[in-house]
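# An overview of the molecular structure
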Amino acid sequence: QVRLVESGGGLVQAGGSLRLSCAASGTFYSINNMGWYRQAPGKQRELVAVSSRGGSTNCADSVKGRFTISRDNAENTVYLQMNSLKPEDTAVYYCNAVVIVVPTIQPIGFWGEGTLVTVSS
């Protein structure tokens, strides 16, 4: 059983910053990619940023230069530092992890329940 718990969302004014955290718990072999997606009202869920276990990262063009993803493999945690926030960043942010589960040692994707980020103008 794998669980992802996000924290750090909230209300912030445009230009402000927030830091999201997502911790994975449960019994598993390891975690491959960990990342963040977001879904704004009336829109499809989209990739924000992803980090491989080795630390290579990829961000959506819309957040490059403003958002930074990082992870702590020892703590099974991924972070998203969001700076210079804009009203269009308002969305529910979801954590995603590709987990190597036991005993099959197969990769399975898991999602957190989401955390709301609201950026006021």
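Residues numbered from 1 in each chain as written. Predicted model: local features only at pLDDT ≥ 70, side-chain atom pairs only at ≥ 80, totals over all residues. Heavy atoms only, no water.

## Looking at the environment of Val 101
The condition is simple: Strands here are runs of E lasting at least two residues and helices are runs of H or I lasting at least four, both read from the DSSP assignment and numbered beginning at the N terminus. Between buried and exposed lies partly exposed: a residue is buried under 20% and exposed over 50% of the maximum accessible area for its type, with that area taken using a 1.4 Å probe on protein chains only.
Position of Val 101 among the secondary structure elements: in strand β9 (residues 91–101). Looking at Val 101, the relative accessible area reads 11%, which means it is buried.

## A short note on the sheet that holds strand β7 (residues 67–72)
The condition that has to hold: Here the rule is simple: two strands pair whenever DSSP picks up at least two bridges between them. Only the contacting stretch of a helix is used when fitting its axis, a line to C-alpha atoms as for every element, and angles between N-to-C directions run 0 to 180 degrees.
Spatially, the 4 strands line up as an open sheet ordered β1-β3-β8-β7, and their pairing is antiparallel. At either margin of the open sheet sits one strand with a lone partner, and together these are β1 (2–7) and β7. The average angle at which neighbouring strand axes cross in this sheet is 15°, direction not considered. Across 6 bridges, the pairing between strand β3 (residues 18–26) and strand β8 (residues 77–82) is antiparallel. Looking at the pairing, Ala 23 lines up with Thr 77 of β8.

## Looking at the packing of aromatic side chains
Just so we agree on the cut-off: Aromatic contacts are taken between Phe, Tyr and Trp rings whose centres are within 6.5 Å, Trp giving its six-membered ring; a plane angle under 30 degrees counts as stacked, one over 60 as edge-to-face, and the others as tilted. Sitting over a ring, as applied to charges here, requires NZ of Lys or CZ of Arg to be within 6 Å of the ring centre and within 35 degrees of the ring normal.
Counting across every chain of the model gives 1 aromatic pair. Consider the rings of Tyr 37 and Trp 111, whose centres lie 5.0 Å apart with planes at 65°: the pair is edge-to-face. With Tyr 37 in strand β4 (residues 30–39) and Trp 111 in strand β10 (residues 106–111), this pair connects stretches of sequence that are 74 residues apart. Classification of Trp 111 as partly exposed rests on a relative accessible area of 40%. Above the face of the Tyr 79 ring, Arg 19 is positioned so that its terminal group lies 4.1 Å from the ring centre.

## Focus on the nonpolar core
Across soluble globular proteins, you tend to see nonpolar side chains buried next to one another. For clarity, the cut-off: Here the nonpolar core consists of buried residues drawn from Ala, Val, Leu, Ile, Met, Phe, Trp, Tyr and Cys, with membership extended through side-chain atoms lying within 4.5 Å. Here a residue-residue contact requires only that any non-hydrogen atoms of the pair lie within 4.5 Å.
Core analysis: the biggest nonpolar cluster contains 30 residues, and Trp 36, Val 48, Phe 67, Leu 80, Met 82 and Tyr 93 have the highest contact counts within it. For this core, the elements supplying multiple residues, two or more each, are β1, β3, β4, β5 (46–51), β7, β8, β9 and β11 (115–120). Broken down by element, this core gets its largest block of residues, 6 residues, from β9. When residues no more than four places from it in sequence are discounted, the contact partners of Leu 80 are Leu 18, Arg 19, Leu 20, Trp 36, Val 48, Ala 49, Phe 67, Thr 68, Ile 69 and Tyr 93.

## Structural notes on the pairing of β8
Taking burial as the measure, the 6 residues of β8 include 5 buried ones, the bulk of the element. Here 6 bridges tie β7 to β8, and the two strands are oriented antiparallel to one another. Pairing of Asp 72 across the sheet is with Thr 77, part of β8. In this structure, the hairpin formed by β7 and β8 is closed by a connection of 4 residues, where Asn 76 is found at a positive phi of approximately 50°.

## Here's the deal with a nonpolar patch on the surface
Short version of the rule: Patch construction takes residues with relative accessible area above 30% that form no salt bridge. Like charges are linked within 9 Å, and nonpolar side chains (Val, Leu, Ile, Met, Phe, Trp, Tyr) are linked within 5 Å. Using a 1.4 Å probe, the Shrake-Rupley method yields the accessible areas, and only the shown protein chains count as cover for residues. In the sections that follow, a salt bridge refers to a side-chain nitrogen of Lys or Arg positioned within 4 Å of a carboxyl oxygen of Asp or Glu.
Nonpolar side chains collect at one region of the surface, where Tyr 29, Val 102 and Ile 105 lie side by side and expose about 300 Å² of accessible area between them. Here Val 102 shows up in the loop between β9 and β10. Residue Val 102 is classed as partly exposed on the basis of its relative accessible area, which comes to 39%.

Such coordinate-based values are descriptive only and should not be taken to indicate function.
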